[in-house]
Every structure is written in structure tokens, then in C-alpha cells.
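Observations on chain architecture
Each chain, letter by letter, is given below.
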Amino acid sequence: MRAYKGVVENGVVVVVGARLPEGTIVTVTVGEGELLRARIAGVLKGPRKVRIRLKPTPGMAMQAHGPAGD
């Protein structure tokens, strides 16, 4: 068994400085101090709000339905 250092990015563990073959089974051990620090940082930052605004164009609506003679 070997130990590798890594970091969590967007909920995915990224192993730093190592290339592991596909299908490798890993066990992640997190120190209590790191876990506590990450939880506190997550609470302070809060959830990220992403707003997506779509502005419909009238031309696209006309293309979808077309004239009544079709």
C-alpha cells in the first residue's frame, strides 16, 4: 500500500504527482483537522448561486412552427 497526496476539486479527488491506471481502487483518508477546516470554509463561503438567463428570440419561434401552408 502506498500513500499519495491529493486535493478535492469540485467533489472529485485529484491525486497530485502520480499516475494511476484506470480502474485502480483507492481508499481516501482525511485528517480530522483538514476535514474540520474544509467544513468551516464551506459554511463561510456558502453555496454558489449560478444564474442563467435565456433571452428567447422571436425568429427561432417562427422557424419551429412555420407557416400554416406547410
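Note: the structure precedes this text.
Summary of the structure given here. (Residues numbered from 1 in each chain as written. Predicted model: local features only at pLDDT ≥ 70, side-chain atom pairs only at ≥ 80, totals over all residues. Heavy atoms only, no water.)

With that settled, consider the overall build of the chain. Tallying secondary structure elements over the chain gives 2 helices and 2 strands in all. Mapped from its N terminus to its C terminus, the chain presents α and β elements in the order β-β-α-α. Among the 70 residues that make up the chain, the fraction classed as buried is 0%. Surface summary for the chain: the accessible area is close to 7,700 Å², and the carbon and sulfur share equals 59%. (Helix = DSSP H or I, 4+ residues; strand = E, 2+ residues; numbered from the N terminus. Buried < 20%, exposed > 50% of the residue type's maximum accessible area, 1.4 Å probe, protein only. Areas by Shrake-Rupley, 256 points an atom, 1.4 Å probe, with all protein chains shown as cover.)

Right, let's get into the pairing of strand E1 (residues 6-9). Inspection of the sheet shows E1 paired to strand E2 (residues 12-15) by 4 bridges, in the antiparallel sense. For glutamate 9, the partnering residue across the bridge sits in E2 and is valine 12. In this antiparallel pair of consecutive strands, E1 and E2, the connection spans 2 residues, and asparagine 10 shows a positive phi of 55°. (Pairing = 2+ DSSP bridges.)

Here helix H1 (residues 32-45) contains 14 residues, and its C-alpha end-to-end distance of 20 Å stays within 8% of the 20 Å for a straight helix at 1.5 Å per residue. Taking burial as the measure, the 14 residues of H1 include 0 buried ones, a minor fraction of the element. Just downstream of H1, glycine 46 is the residue with a positive phi angle, here 75°. (Expected span 1.5 Å × (residues − 1).)

On to the pattern of salt bridges, then. For the coordinates displayed, the defined rule picks out 1 salt bridge. The shortest N-O distance in the salt bridge between arginine 37 and glutamate 34 comes to 3.1 Å. One end of the pair is arginine 37 and the other is glutamate 34, both in helix H1 and 3 residues apart, which spans about a single turn. (Salt bridge = Lys/Arg side-chain N within 4 Å of Asp/Glu carboxyl O.)

In this section: a nonpolar patch on the surface. Taken together, the side chains of Tyr4, Val8, Val13, Val15, Leu20, Val26, Val28, Val30 and Leu35 make up a nonpolar region of the molecular surface, amounting to roughly 720 Å² of accessible area. Summarising the element assignment, valine 28 is placed in the loop between E2 and H1. (Patch = residues over 30% accessible without salt bridge, like charges linked within 9 Å, V, L, I, M, F, W, Y side chains within 5 Å.)

Our focus in this paragraph is unusual backbone geometry. In the Ramachandran plot, asparagine 10 falls in the positive-phi region, its phi being about 55° despite a non-glycine side chain. By secondary structure assignment, the location of asparagine 10 is in the loop between E1 and E2.

Side chains of Lys49, Arg51, Arg53 and Lys55 sit close together on the surface and give a patch of like positive charge. Checked against the element boundaries, lysine 49 lands in the loop between H1 and helix H2 (58-65). (Lys, Arg positive; Asp, Glu negative; His and termini not counted. Charge placed at Lys NZ, Arg CZ, Asp CG, Glu CD.)

Bear in mind that shape data such as this cannot, by itself, settle questions of function.
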